[in-house]
Each structure stands twice: as structure tokens, then as C-alpha cells.
Amino acid sequence: HILPKMGSYAWTISGDKTASGNPILYSGPQMGFSAPAVICEGSVRGGGIEVSGMHVPGIPGIAIGRTPHHAWSMQVGHAHTADFFIDPPQAVFLHRWETIDAAGGESVTVPIFHTSHGPVINPLPFNPDDPPEFVVSWAYANRNHELGMAEVLIDFARAESIEDFDAAVEKGGCSQHTCYADRDGNIAYWMGGWDPVRAEGVDPRFPQIGDGTQEWTGERRPWAHSSNTAQGYYGGWNNKAQLDYGSAQNSQYYGPSHRAQVIDDYLSTHDNLTFEEVRDLALDIATTNSFMGGGNTWAFVADDFTAAVAADPTDDRNAAIAMLDAWDGHYVAGGPAAWRF
């Protein structure tokens, strides 16, 4: 009943809402199961660093971890960091030659063409001797910021205060949601990433025109950040950081709150949370339709449906409303004791 891969989530809860009086952070990065594994457990001790947590092979540092002072999570963010540009063929130049080693055969060397916006992705291959009417290039805002994530992860591990951690987030170009908790009692949230400011009037859901009128300004949109919220928790599930965020990638839903609704429903109505309850919230939300983006979708339409039936009731319609009102949003019958099975 519980899918092993449905997006990453996390929640951080202040001591005012926990039974122990200490903040608790839950991090649930979900990448499915594969061999070899995408992630592994690791730790670094030395050079002024003491950190343990989740390591991604090939990335120098602990991506999601804990130190003696703090712990943090990461989820893939929603910043719209890439655009397609429609460029004239005369804007294309040869960027480099790329050699690809083919298994069981000879190596292949291919030309990589760019425009000022990025690599040409259409047509492929691009033939400079027979250029099309236009080309499509791919611009991504993380360009030239990629190696910055290594510095970010080192700074995450070395941070000795929430201010240190905030300064580290500022260096990152990759769009990530980050939840945080520390021994000083702080909780915090960031949605980082280099989300470019576009020309006035540009709709990032459509390709941009590469004639100089729709260029990025070179600035980035302000990051969403909050610390020690009065509600006592932060939580998310690859959702938009703000309801009015109008530049999310097309994979993000433009509705009220994406699937993080079910996290908020639970944390907003529960206090004095034990470690086990914080942990088992993952089971709670996994048994709803949230992995498809909906959560308890009845919550979004209940008032409208109820009003429609009240205006023209029948016994069957009233019974349907009563059934939906009694539904707790979970697919698995038997209550929490049955969810893990």
C-alpha cells in the first residue's frame, strides 16, 4: 500500500510542540531503490568538521546530515531555473568537441553547439552547413554555480549558528527546500536556488525570444526563508514555498498548496508530539493519495459539493456527502495500526 518512491518530504518541529521540549527534524529523501544505490550513509570527522548523514556518491560532502549543533534536510525545490530560447541560426557557435566512449566499439567524437543562452537542443544534430530557420537553446540559471554546492555542504557542516547556516544557503545555486533544527532551539526553512529575474512581461512557461528583448536581468528572485515561526513547524513535499509563487516548474501544481496539505493538516492539529509520532507522520501521509499530488482532495471541494447538494438534495446525494465527510483521506482501511502493512 505504501509506495517506495513518491517525492521527498521533510518537517521540522519546535520544542513547543514536542513531548521532550526539544526540536525534532524528520528528513525523508525518496529516490526509490536501485543497485548500485543512489545514496549511502557516511560521516566526516576531521579538519574542524564533525558531520554524519546522507552522502551522494560523486558529491563532496554530506547532503543531508547532522552535527553536534544542528541537523538539516533537503528536498528538490521548485524554482524555475531553466528556459528555452528561440535563437537565430547565426547566433550558434561551436562550443567544444565531446568524445563519448562506446562500450564494445570505437569512441565517437561529436560537436557541441551553443548560443549565448546555452546548448542547442533542437535540431539535433545541428548542421552548420544546412542551418534551420531557428534553433532552440537551453538556458539554466545554475550554470557556473554547480561547484558552489560543494562549498555549501562544507559550510553546512561547519556552521555553529543559524546565522552561519543561513550564510551557507546563500551560496547555493541549486533549487532546494531545506528544513533545519538546532540545539539552541531554533527551527528554520529555506527555499534556495538561482531563480532568475526575467524581462518584464515574460511568461516562463513559454519559450523566450532570443532577440535581446527577453533576456534574464542577471539578478535572482528573493529566496523564501523563515525561522522560528509562531505555528511551531515547517514542512513540505517538493511543493511551492509560497501559495502565490507564480514561476514554479510545470511539474509543480498551481493549486492552493500541492500535496504538502496533508503534512500541514496533521502538524497544525497535533501538539506534545513524541519522536514516534513525528516519525510515523511519514506513514500517515503515504497512505493518502498525496503521491499523485492530491492528498485528501475532498478537503478542497467539500464546501462547494455540500452546497450543491443542499440546493437540490436527494437521499442518495445526502448519503454520498455524509460518506465523504466521514472519510479521513486515507486509502488503507483499519486505521494507523494497519498502515505499515
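Notes on the structure follow. Just so it is clear, the structure is predicted and the values come from calculations on it, not from any experiment. (Residues numbered from 1 in each chain as written. Predicted model: local features only at pLDDT ≥ 70, side-chain atom pairs only at ≥ 80, totals over all residues. Heavy atoms only, no water.)

A separate point is the overall build of the protein chain. The secondary structure content of the protein chain amounts to seven helices and 17 strands. Projected onto its principal axes, the C-alpha coordinates of the protein chain cover approximately 70 × 65 × 50 Å. Out of the 341 residues belonging to the protein chain, those deemed buried represent 41%. Considering only residue pairs separated by 6 or more positions, the protein chain has 60% of its internal contacts joining residues 24 or more positions apart. For the protein chain, the accessible surface area stands at approximately 18400 Å², while carbon and sulfur atoms represent 55% of it. When the 18 positive and 42 negative side-chain charges of the protein chain are each reduced to one mean point, those points stand 5 Å apart. (Helix = DSSP H or I, 4+ residues; strand = E, 2+ residues; numbered from the N terminus. Buried < 20%, exposed > 50% of the residue type's maximum accessible area, 1.4 Å probe, protein only. Contact = heavy atoms within 4.5 Å. Areas by Shrake-Rupley, 256 points an atom, 1.4 Å probe, with all protein chains shown as cover. Lys, Arg positive; Asp, Glu negative; His and termini not counted. Charge placed at Lys NZ, Arg CZ, Asp CG, Glu CD.)

For S107, the position within the fold is in the loop between β9 (93–100) and β10 (108–115). Among all residues touching S107, those that are not within four sequence positions of it are T99, I100, D101 and A102.

As a further point, take empty space enclosed by the protein. Tallied over the entire structure, the rule returns one cavity of 30 Å³ or more. The space that makes up the largest cavity amounts to roughly 80 Å³. Along its surface, the largest cavity is lined by M74, M149, V152, F156, V169, G172, C174, Q176, T178, G192 and G193. Sorting the residues of the lining of the largest cavity by element identifies α1 (148–158) and β13 (176–182) as the ones contributing at least two each. No other element matches the three residues that α1 contributes to the lining of the largest cavity. For the lining of the largest cavity, the class distribution of residues is six nonpolar, five polar and no charged. (1 Å grid on protein atoms, 1.4 Å probe; cavity = no way out; pocket = protein on both sides within 12 Å on 5 of 7 lines; lining within 4 Å. Points joined across faces, edges and corners; volume = space filled by probe spheres on them. Nonpolar A, V, L, I, M, F, W, Y, C, P; charged D, E, K, R; others polar.)

Okay, the sheet that holds strand β17 (residues 233–236) next. The three strands lie next to each other as β2-β1-β17, forming an open sheet whose pairing is antiparallel. What marks the edges here is a single partner per strand, and that holds for β2 (24–28) and β17. Neighbour to neighbour, the strand axes of the sheet diverge by 0° on average, direction disregarded. Examined bridge by bridge, strand β1 (residues 9–13) and β17 share four bridges and lie antiparallel to one another. Bridge pairing links W11 to G235 in β17. Each of β1 and β2 touches helix α4 (residues 275–286); the most contacted strand, β1, lies at about 150° to it. (Pairing = 2+ DSSP bridges. Axes fitted to C-alpha atoms, helices over the stretch in contact; angles between N-to-C directions.)

By the definition in use, this model includes 12 salt bridges. One salt bridge connects E151 with K171, and the closest N-O pair in it is separated by 3.0 Å. Taken as a pair, E151 in helix α1 and K171 in the loop between α2 (162–169) and β13 lie far apart in primary sequence, 20 residues in all. Measuring nitrogen to oxygen at the nearest pair gives 3.0 Å for the salt bridge that ties D280 to R279. Connected through shared salt-bridge partners, D83, D195, R198 and R221 make up one network. (Salt bridge = Lys/Arg side-chain N within 4 Å of Asp/Glu carboxyl O.)

The next point concerns a nonpolar patch on the surface. On the surface, F84, I121, L124 and W138 cluster together into a nonpolar patch covering about 390 Å² of accessible area. On the secondary structure map, I121 appears in strand β11 (residues 118–122). Residue class for I121 comes out partly exposed when judged on its relative accessible area of 32%. (Patch = residues over 30% accessible without salt bridge, like charges linked within 9 Å, V, L, I, M, F, W, Y side chains within 5 Å.)

What follows concerns the pairing of strand β14 (residues 187–191). With five of five residues buried, β14 is to be regarded as a mostly interior element. Neither face of β14 is open: one carries I187, Y189 and M191, the other A188 and W190, and all of them are buried. Of the strand pairs in this sheet, β14 and strand β16 (residues 224–227) are connected by four bridges, and their pairing is antiparallel. Across the sheet, the residue bridging to W190 is H225, located in β16.

A separate point is the side chain of H177. One can find H177 in strand β13. In this structure H177 comes out as buried when scored by relative accessible area, which is 2%. When sequence neighbours within four positions are dropped, the list of residues in contact with H177 reads S73, M74, Q75, V76, G77, H78, Y189, W190, M191, N238, N239 and A241.

For the rest of this paragraph, the subject is the packing of aromatic side chains. Applying the stated criterion to the full structure yields 15 aromatic pairs. Taking 5.1 Å as the distance between ring centres and 80° as the angle between the ring planes, the aromatic pair formed by Y9 and W237 counts as edge-to-face. With Y9 in strand β1 and W237 in the loop between β17 and α3 (261–267), the pair connects residues that are 228 residues apart, well separated along the chain. Pair check on accessibility: Y9 and W237 agree, each one buried. Centroid distance F156 to F165: 4.1 Å. Interplanar angle 10°. Geometry classified as stacked. When its relative accessible area of 1% is taken as the criterion, F156 is described as buried. (Phe/Tyr/Trp six-rings, centres within 6.5 Å; stacked < 30°, edge-to-face > 60°.)

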